[in-house]
Structure formats: structure tokens, C-alpha cells
Amino acid sequence: MFNLEPWITVTLGMLLAVVYTTIGGFRGVVWADFFQYTIAMAGSVAAAVSAVNLPEVGGLEALVNNPEIADKINLLPDFSNTSVLVTMLIIPIAVQWWAVWYPGSEPGGGGYMCQKMLSAKNEKHAVGANLFFNFAHYALRPWPWIIVALASLIVFKPDSKEAMQAAENQLKSPELETYYNLMQKNFNTTEVPEDIKEKITDLHFQKQGLSSLHKAFPEANEKYLKNDAAYPMMVTKTPSGWLGLIIASLIAAYLSTIATHLNWGASYLVNDFYKRFVDKKADQKKLKKIAILCTILLAFSGGLLSLTIMDNATQAFDLLLLSGAGTGAVYLLRWFWWRINAQTEIISMAAAFIVSFIMVFCVKDGTFECAILDDHTVRLLITIAIVTVIWLITVFVTKSEDEKTLSEFYKLTMPGGPGWKHFLKQIKDENLLKENALHWQMPLQLLCIFIGIITVYSLIFAGGFFTYLKFLPACIFLFIGILGAIALFKLSSKLKLT
């Protein structure tokens, strides 16, 4: 959008994030997140308004009635397709929700959400903040993005499957294949005649369905001109005043995410590694200096990774999703089973990262493609299986936490349930056994979870139906969401929260 070199863009962004993260600490991140979320939402709404008012789109009503996107606006997929049924419904319900950790969607909690929950005034505020986060993150934030995405399918119409296949066949022809192989290594190679280079470039983007994007932005770097470039390309079509706000919103969203991860990562390195294993007597002044150093190193490592290995947002998303595959069960069970220890968590995280890195960067796309499951889903299931076997072995090979640590953890969290009975009987602490029975609120907690899910999903569907101008179902789901929220607040008041 600014015609800057990638390394300049990443360096400037990282420097800005590092400066205010190190100066402001977590308090600075929280305040910055508050303002940046507001700016990001305003910018995304502005982008959506601008997108639907483009002459090619013709307004929101014309957009949702456009035959080009008729099959894209169904809130539920076609479950008559076995592959879609398994991938989009069965696996998420049967496996993904408990097995996969993802920032903001963490079975049993995780550092990403815990750093915000622990900063709340009390448990009630933390629960309320989590509920608001789920509403804002899932039900509110995506719809302006979706509107821009739908509009981009009209403005930058993708090539048909027939055209994509024709381009692929041409690139495999004897007269072009050798030249194409050279250009895939370096599009700026001087070994290919200019007229052939131009033809191959056009066919290369047609093969990916991106001819329209390429024609609109012929000077764009071919390494980054992929499907995920449609959003910034749409943004460039907005009027100057709106353009400034939208660009500010993108920068705000970027800085908010980076700052959160830098602070979170530095807290792990300082509190869980340096203070525990390197310098147990370090004072706060020294720990702060180490935290600043860790923040800088994390920013440098992230920037280097994005510039040297990452080609598109999909790779980053795949790595992020797969790096949490299999760890979700550990984070969930640690609250219900006394046998889960720190070594299990650490090894599961390390195993997931190593396996996911191999899956994303060392295994070719399409390797695991099959009739029922797509390549990505199979990678996910393989990663979950490998990591699960590794952490289960770790649980039974390593020693449990010592009795004192487990007792303190129990008194602090009051987990209750059958997973702790063996430990409580083992230490023969009658007071804890009584407290176990007293604080057993799992049925009520599970009911609150179920109602919370219904509430958030109802509000997601309400937002979607309002976006697609289907007001009757929108009002029905909004009513269900409001009822769910009221019921949730009434039931949660019965929970023993401080």
C-alpha cells in the first residue's frame, strides 16, 4: 500500500511495538489494546462501507443478491457433501474444541487469555471480560471483514476452474515449462526473454485464479500477490479520508497483536525460565532489564521468520493452528487431573511446535489430500495424534508435582471432581475432602458453558443475518442471544466467585 520494501515495513512495525511494549509494560499493552481495538473496528467498518459502495458492487443489497457470491453467504455449509460434513462439523465437535489450542480459543485456558484474566480486579470481572471478549471477537469483529471479502469477489473476480486448469496446462507445455521453472526460483531472472516472461507471469496468476488482482496491480511483488492480498487491494480503492483511517486501523490491529505476544512471550521467558532456572535471586530491576532484552529478541526473531520463511498469511495461520494441536487436552485436563505436571505442558508445547513446523515447511501441499478430508485437516489430525502420544508418555514417565505444590494449587483453585479424589485420599486431609464436596459445582459450570456457547453463536448468526439483510432470522437469533445472556448472568451469580 505504501510501496515500501517488506523488510522496511516489518522493521518499522516491530520497532514501534517494541518501544511502547517495553516502556509501558502490560498496563501499556492493555490501554493501547483498548484504543487500538476501537480504531481497528472503526477502520474495518469504514472499509466495509467503502467496499459496498464501489460502482462494481452497487450497495449492500446488490452485493448479497449478486449471483457471483450466492453460494458464499450461507451461514451453514452444504452438509450433504461428506467431506464438508466431516471437516466443518464432525471434527470440530468431536476433536478440535478440546485438542487444539489457539490464541483466544483455549481449552482449559492459556497464557494468551490468562495474562488478561489475571490483570482483572477479581474473578467476576475476569469472567465478565471473557464473555465480552467472545462476543466482540467472534460475533462483532468478523462481519465487516466478510463484507469486504465478498465485495472483493466481485471487484477482483477469480478465474474459473476451467481457466485455471488451462493456464496450468500451458505452463506445463514443452515451450514454457523450462522457463517457468526458472522463474519460480526467481521471477526477475534475466535468463527468460521478456515476451515469454510476461506471458508466463500472466499464466502463473491465472493458474492461481488471481488474474484480476494481477491486472489491477501489475507492479505488486509476485511473492505476496496471493488471495490474502485482496483485502489491502480493496482498501486502496477507498477515498483518501477513509483510506487514512483504514490504514491506521490495520496498523492498530497489527500493533495490538504484536504487543500482546511480545509481552506474553517475555513473561514466559523471564518468570518461567530465567527466574526459575538461571537467576533465582534476581531482583525486579534486573528482571525488568531481562524482560526488555527478551522483548527485543522475540521481535527480531518474529520479523526474521516472517521475512525469510513466510510467504503468505495462510502459512502463518497454519503454523499457529498446528503449533497448538494436541496441547489443548493438556491445558484442559490440568484442572481436572492432579497427575498433569509442568513437564507435560512444556514437552507438549515443544512437540507441537516441532511437528507443526515440519508439517508446514517440510511437507509438500496436497501430500495428505484424500476423498473425505482435505490436506490441512489430515495434517491437523496427525499432529494431534503425535503430540497426544508424546504428552501421555510424559505424564506416566515423569514424577507428579510434590504434595505441597498440589495442595496449594488445590486450595487456590478448588477444582473438585473425580480427577482429584485419588490425591485427596492419598494425603488424607479431611478438610480438603470436605471442601472438595462443598465446592463441587461442575454441573452448574457446564450449564453456564453450554448457555455461553449458545449465546455467542446466536449473536454471531444474528450479526450475519443482519449483514445479509435477512431481518426476521436476525431478530430471532438476537432474541435468543439476549435471553442466553440474561440466563448466563443469573446462573453465574450462583457460582462461588470472588
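Residue positions are given per chain, counting from 1 as you read along its sequence in written order. It should be noted that, the model being predicted, local features are given only for residues of pLDDT at least 70 and side-chain atom pairs only at 80 or more, the latter also being counted only at that level, while totals for whole chains, interfaces and linings use all residues. Only hydrogens and water are set aside when side-chain values are computed; all heavy atoms of the structure are taken into account.

In DSSP terms, a helix is any run of H or I states spanning at least four residues, a strand is any run of E spanning at least two, and both are numbered starting from the N terminus. Residue placement: Ala48 occurs in helix 1 (residues 6–52). Ala48 sits in the buried class, given a relative accessible area of 6%. In this structure, the C-alpha to C-alpha distance between Ala48 and Leu150, residues 102 residues apart in sequence, is 9.8 Å. Every residue pair with non-hydrogen atoms within 4.5 Å of one another is taken to be in contact. Those residues in contact with Ala48 that lie beyond four places of it in its chain are Pro144, Ile147 and Val148. Working definition: with a 1.4 Å probe on protein chains only, accessible area under 20% of the residue-type maximum means buried, over 50% means exposed, and in between means partly exposed.

With that settled, the discussion passes to the pattern of salt bridges. Salt bridge criterion: a side-chain nitrogen from Lys or Arg within 4 Å of a carboxyl oxygen from Asp or Glu. This model, assessed by the stated rule, comprises seven salt bridges. Residues Lys72 and Asp71 are paired through a salt bridge, measuring 3.2 Å at the closest nitrogen-oxygen approach. A salt bridge links Glu345 to Arg334; its shortest N-O distance comes to 2.9 Å. Taken as a pair, Glu345 in helix 16 (residues 342–361) and Arg334 in the loop between helix 15 (328–333) and helix 16 lie far apart in primary sequence, eleven residues in all.

The contact between helix 14 (residues 313–322) and helix 17 (residues 375–397) brings their axes to 10 Å, and the two run at 30 degrees. Between helix 14 and helix 17, the angle is such that the two are roughly parallel. Helix-helix and strand crossings are classified by hand; for helix 14 and helix 17 the assignment is right-handed. Contacts from Asp318, Leu321 and Leu322 in helix 14 reach His376, Arg379, Leu380 and Thr383 in helix 17. Any residue outside Ala, Val, Leu, Ile, Met, Phe, Trp, Tyr, Cys, Pro, Asp, Glu, Lys and Arg is labelled polar, Gly included; the first ten of those are nonpolar and the last four are charged. Looking at the contact of helix 14 with helix 17, its residues break down into three nonpolar, two polar and two charged. To obtain an axis, a line is fitted to C-alpha atoms, over the contacting stretch when the element is a helix, and the angle between two such axes runs from 0 to 180 degrees between their N-to-C directions. Throughout this description, any angle smaller than 35 degrees is read as roughly parallel, any larger than 145 degrees as roughly antiparallel, any in the 65 to 115 degree range as roughly perpendicular, and the remainder as oblique. Here a crossing is taken to be left-handed if its near helix is turned anticlockwise relative to the far helix by less than a right angle, and right-handed if that turn runs clockwise.

Turning next to the nonpolar core. Leu63, Val148 and Met234 are the most contacted members of the largest nonpolar core, which totals 34 residues. When contributions to this core are tallied by element, the ones reaching two or more residues are helix 1, helix 2 (60–64), helix 6 (142–155), helix 11 (230–235) and helix 21 (442–467). Residues belong to one nonpolar core when they are buried, are Ala, Val, Leu, Ile, Met, Phe, Trp, Tyr or Cys, and are joined through side-chain atoms within 4.5 Å.

Time to look at the side chain of Arg334. For Arg334, a relative accessible area of 16% puts it in the buried group. Polar contact is defined as a pair of N or O atoms within 3.5 Å, subject to the rule that within protein one atom must be able to donate a hydrogen and the other to accept it, and that residues adjacent in sequence are counted only when both atoms are side-chain atoms. In this structure the side chain of Arg334 is engaged in a polar contact, spanning 2.9 Å, whose partner is the side chain of Glu345. Residue contacts for Arg334: discarding those within four places in its chain leaves Gly108, Gly109, Gly110, Ile340, Glu345, Phe409 and Trp420.

The pairing test for Phe, Tyr and Trp rings, Trp by its six-membered ring, is centres within 6.5 Å, and the orientation test on the planes gives stacked under 30 degrees, edge-to-face over 60, and tilted for anything in between. According to the stated counting rule, one finds 19 aromatic pairs in the structure shown. For the ring pair Tyr410 and Trp420, a centre distance of 5.7 Å and an interplane angle of 55 degrees mean the geometry is tilted. Of the two residues, Tyr410 sits in helix 18 (residues 403–413) while Trp420 sits in the loop between helix 18 and helix 19 (421–427), which places them ten residues apart along the sequence. Tyr410 gets classed as buried once you look at its relative accessible area, which sits at 0%. Residue classification places Trp420 among the buried positions, given a relative accessible area of 1%. Among the aromatic residues, those joined into a cluster by ring pairs are Trp335, Phe409, Tyr410 and Trp420.

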